[in-house]
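# Examination of the molecular architecture
Residues per chain, in single letters:
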Amino acid sequence: MNNFWQDLRYGARILLKKPGFTLIAIFTLALGIGANTAIFSVVNSVLLRALPFHEPDRLVMIWEDASFAGFPRNTPAPANYSDWKAQNQVFEAMAAIDERSFNLTGDSEPERVVAQGVTADFFPMLGIQPLLGRAFLPEEDRPGANKAIILSYGLWQRRYGGDRGIIGRELLLNGETYTVVGVMPAGFQFLNSYIRLWVPMAFTPQQLAQRSSHYLQVVGRMKQDVSLEQASAEIQSIQQGIGRDHPNEAGRISAYALSLHEQVAGDIRRPLLVLLVAVGFVLAVACANIANLLLSRAASRQREIAVRLAMGATRWRIIRQLLTESVLLSIFGASLGVLFAWWSFDFLRHLIPDGLALSIKLDLDMRVLLYTLLLSLATGIIFGSAPALQTSQIDLNESLKQSGGRTGLSRGGSRLRSAMVVAEVALALVLLVGAGLLIQTFFNLRNQYSVLQPENVLIFRTQLPSGKYREPSRGWAFYEQVIERVKSLPGVVSAGYTTTIPLEWKGGTSGFYPEGLTVEEARARGLSYDANHRQVSADYLQAMGISLRQGRYLKDSDNEQTMSVAVINETMARQYWPGEEAVGKHFQLGDPSSDKPWITIVGIAADVRQMGPDEPVKAEMYFPYRQVRGYQFFSPRDLVIRASTAQSGLTAAVQGEIHAVDADQPISNIRTMEETVGEEIASRRLSVTLLAAMASLALLLAMLGIYGVLSWFVAQQTSEIGVRLALGAQRRDVMRLVLKKGMRPALTGIVIGLGAALALTRLMTSLLFEVRATDPVTFIGVPLILTAVALAACYIPAWRATRVDPMTALRYE
């Protein structure tokens, strides 16, 4: 122990004698270790930390599998949920939730709030108690019961100032009275962070008999010692029985259980692991750089080491001392790196998926601090081992000569330095290739919507309360008056209403049958006659910028008095009427034997990715909202306005016109379509930004590594260069010599890095969109850029070598 403290004190003194070297090394390590600590903090919070529920490993989501229709995670129908709950033997509890929205009025400004309807066993199953009040009682989860409501902590604080007397207070939701029975804790959320309140589900018998309406989310708690595989098998077995009993409604639908953790964090798992590998590469490059610095510094310490060996120190004692200095550097670097990681948390919080946004916080807990400590110790040993071993192998006689001429490393030391440069360049190339592929992916995703000119499209949500607008004609009058008023505003090109804009709702499908096709024939063909449906006003497609490919747009004259019409997208036309003229064809929603009206296709619109930037385009049909006859569709809620340019005062003007039609109508979700697209790919943007930053840092460190090796080479070979020049060598020959010395390891690293990149980028395939993992542009462009950077790093030492004065250089020989 005494020797250990002696090594520490001596190491600290040595580092303080060279403050420039020490500060550079600590800052370099701080960047590498800090980046690793920061990304590991996200991994720890999202992937390793248990969800904030009672025994969360037993919680699962239960989904229908309707992959044949493009919905591998399909929301279950109420009747299916009822059968699952009644017939299963593996769950101790099962609850259903759905999403609703309410106009909250009466006590302040009208506000549109998003809510969840939940069954009474939902909160007890999660093991969550309200902060104030109580959870729902079973008798409140019945049709006709007194209406109860539980508030989120955020809504309670923002709208009611944290008033603890809120329990028992009556609030108006869509004009109906609800009684507050509870307030949830600050960090509580389930799946979505934007939920502001909860109400009882209160299924009616008619709802529990429905198998054609799929809108629920189902969560279950498995019994002790039941595995996820057993739960999935049980649910699938029950669903198969449902399919046999109800072939027309559930014949092709299967079902399965998915762990709740996988549900909320599964999509971010691979991007986070890619980032963790990337920061590991950055730290490896930093280690190689520090190792090169230590090798350079070793040349000036040869006499010191030789004296200690001559006085009886063992080689192991020297190695231990040098490793102690390396570990000291890494610990100092880790201390500064922890500060860097803490400062980055505000930025990195955007990596947390929405399903964990409220309940998970980034912090430096014991697991993260232990990881950082172990990482710093390992880092110090890794980058210090090779220089320590190399430095301890010296020639005592040569090193102790007072006039021993040139001092420096052995040939083995030179090879080691070159090997470090090879590793740095190879790692930097892998990171640059990965960043290049993800950057292309990001722009490909964003460009999916560039044809819409989303920066000029404004969205206002005005969801009409069902109580006030119970008669369809009242809603129609509201839409028409708002559109007419908004169109008269300066700067407005067009305006229209829709059920939902692209990317906002990842569902809303209806089964249909083309004219002349029976249910049996449809099944025989193996096609899913199912398409997204949107109810829109006449000018919605023009306002959104969805171009017409064939036929005509919808018109104001397409109303309840005229023939039922629809505009479909290119995918629907191509999929269901291949090689035929789709305009003029007829189809019917639901059962073709019903008396519902036939719908005539009057136009074909361009495809738009409604479900997500990287999701396949689904078949879609747009109906005039005044022709929804006998169908249980959602009413239009999003007002879409196309402006000629960015209008700073347009938002307030539009709000004024809406309130001129209905002063009590809440307006929410005001944004541009560009913001909607940006939110959809926000996590991708952050991942790309981080990976690009890491690749740039690795490139900078690699360039510094090349520069350092060549600078050391020029310093050590000054006499030789002087002799060459004295004997008639041209300066361009010296330039060529130094460039060759620097470019050889750089080009070797590029070749090795290309091979590694070809292997590793295949693991990123699921993260890419419309770009191959072996994209030739990236795999040619990145090596060329790295070669140019390496040449730039070589040039300054090479130029300095050509400036050597032969007479001055020869005096040192």
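In the block above lies the structure referred to throughout.
What this report covers is the structure whose coordinates are included nearby. Everything quoted here is computed from the prediction, not taken from an experiment. (Residues numbered from 1 in each chain as written. Predicted model: local features only at pLDDT ≥ 70, side-chain atom pairs only at ≥ 80, totals over all residues. Heavy atoms only, no water.)

### What to know about the overall build of the protein
- What the protein contains, in helices and strands, is 24 helices and 22 strands.
- Expressed as a percentage of its 813 residues, the buried residues of the protein come to 53%.
- Total accessible area computed for the protein in this model is approximately 35900 Å², and 56% of it derives from carbon and sulfur atoms. (Helix = DSSP H or I, 4+ residues; strand = E, 2+ residues; numbered from the N terminus. Buried < 20%, exposed > 50% of the residue type's maximum accessible area, 1.4 Å probe, protein only. Areas by Shrake-Rupley, 256 points an atom, 1.4 Å probe, with all protein chains shown as cover.)

### Remarks on the pattern of salt bridges
- The full count for this structure, using the stated rule, is 27 salt bridges.
- In this structure, Asp365 engages Arg49 in a salt bridge whose closest nitrogen and oxygen atoms are separated by 2.9 Å. Of this pair, Asp365 sits in the loop between helix H10 (315–348) and helix H11 (366–392) while Arg49 sits in the loop between helix H2 (19–48) and strand S1 (59–66), and the two are 316 residues apart along the sequence.
- Among the salt bridges present, the one from Arg58 reaches Glu92, with a minimum N-O distance of 3.1 Å. Taken as a pair, Arg58 in the loop between H2 and S1 and Glu92 in strand S3 (residues 91–105) lie far apart in primary sequence, 34 residues in all.
- Residue class for Glu92 comes out partly exposed when judged on its relative accessible area of 47%. (Salt bridge = Lys/Arg side-chain N within 4 Å of Asp/Glu carboxyl O.)

### Brief notes about the environment of Met420
- Residue placement: Met420 occurs in helix H13 (residues 411–446).
- C-alpha separation for the pair Met420 and Ala291, spaced 129 residues apart in sequence, amounts to 7.8 Å.
- With near-sequence residues (within four places) excluded, Met420 lies in contact with Ala288, Ala291, Asn292 and Ala386. (Contact = heavy atoms within 4.5 Å.)

### Focus on unusual backbone geometry
- The phi dihedral of Asn174 is positive, around 50°, even though this residue is not glycine.
- In this structure, Asp225 takes a positive phi of about 70° despite not being glycine.
- Its relative accessible area of 76% is what places Asp225 among the exposed residues.

### Considerations on helix H3 (residues 78–87)
- All of the buried residues in H3 are Pro78, Ala79, Asn80, Tyr81, Asp83 and Trp84.
- At its buried positions, H3 is contacted by S1, S3, strand S10 (217–222), helix H6 (228–245) and strand S11 (254–259).

### A word on the packing of helix H22 (residues 731–760) against helix H23 (residues 776–802)
- It is the contact of H22 with H23, at a shortest axis distance of 8 Å, that shows an interaxial angle of 155°. If you check the angle between H22 and H23, you find them roughly antiparallel. As for the relative orientation of H22 and H23, their crossing is right-handed in sense.
- Looking at the contact of H22 with H23, its residues break down into 22 nonpolar, three polar and one charged. (Axes fitted to C-alpha atoms, helices over the stretch in contact; angles between N-to-C directions. Parallel < 35°, antiparallel > 145°, perpendicular 65-115°, else oblique. Left-handed = near helix turned anticlockwise from the far one by under 90°. Nonpolar A, V, L, I, M, F, W, Y, C, P; charged D, E, K, R; others polar.)

### Some details on the nonpolar core
- Membership of the largest hydrophobic core comes to 134 residues, with the highest contact counts inside it found for Phe122, Phe123, Phe188, Phe190, Met544 and Ile546.
- Here this core gets 17 residues from one element, more than from any other, and that element is helix H20 (residues 682–716).
- Those residues within four positions of Ile546 in sequence are excluded, and the remaining contacts are Leu452, Tyr540, Leu541, Tyr553, Ala605, Ala606, Val608 and Tyr622.
- With 22 residues, the next largest nonpolar core counts Leu458, Trp476, Leu489 and Ala643 among its residues. (Core = buried A, V, L, I, M, F, W, Y, C linked by side-chain atoms within 4.5 Å.)

### Side note on helix H5 (residues 153–160)
- Those residues of H5 not exposed but buried are Leu155, Trp156, Arg159 and Tyr160. When H5 is viewed along its axis, its buried side chains cluster within an angular range of 100° and face the same direction. (Arc of directions from axis to C-beta.)

### Brief notes about the packing of aromatic side chains
- Considering all chains together, one arrives at 27 aromatic pairs under this definition.
- A ring pair is formed by Phe340 and Trp343, whose centres lie 5.8 Å apart and whose planes are at 40°; its orientation type is tilted. Residue Phe340 and its partner Trp343 are both found in helix H10; the two are separated by three residues, about one turn of the helix.
- Judged by its relative accessible area of 53%, Trp343 is exposed.
- Measuring from centroid to centroid gives 5.5 Å for Phe512 and Phe587, while their planes differ by 70°, and the two rings are edge-to-face. Of this pair, Phe512 sits in strand S14 (residues 509–514) while Phe587 sits in strand S18 (residues 586–589), and the two are 75 residues apart along the sequence.
- A relative accessible area of 0% places Phe512 in the buried class.
- The class of Phe587 is buried, set by a relative accessible area of 0%.
- One aromatic cluster is present, built from ring pairs that chain together Phe53, Phe122, Phe123, Phe136, Phe188, Phe190 and Trp198.
- Arg474 extends its terminal NZ or CZ atom over the ring of Tyr469, reaching a point 5.4 Å from the ring centre. (Phe/Tyr/Trp six-rings, centres within 6.5 Å; stacked < 30°, edge-to-face > 60°. Lys NZ or Arg CZ within 6 Å of the ring centre and 35° of its normal.)

### A look at a nonpolar patch on the surface
- A contiguous nonpolar surface patch, about 510 Å² in accessible area, is contributed by Ile331, Phe332, Leu370, Leu373, Leu374 and Leu377.
- For the nonpolar patch, the secondary-structure elements that each account for two or more residues are H10 and H11.
- For the nonpolar patch, the leading source of residues is H11, giving four residues.
- Locating Phe332 in the fold gives a position in helix H10. (Patch = residues over 30% accessible without salt bridge, like charges linked within 9 Å, V, L, I, M, F, W, Y side chains within 5 Å.)

### A few points about the pairing of S14
- Sheet analysis places S14 next to strand S15 (residues 530–536), joined by three bridges and oriented antiparallel. Considered in S15, the bridge of Thr509 is made with Asn532.
- In the sheet, S14 pairs with S18 via three bridges, with the strands oriented antiparallel. Across the sheet, residue Phe512 finds its bridge partner in S18, namely Leu589. (Pairing = 2+ DSSP bridges.)

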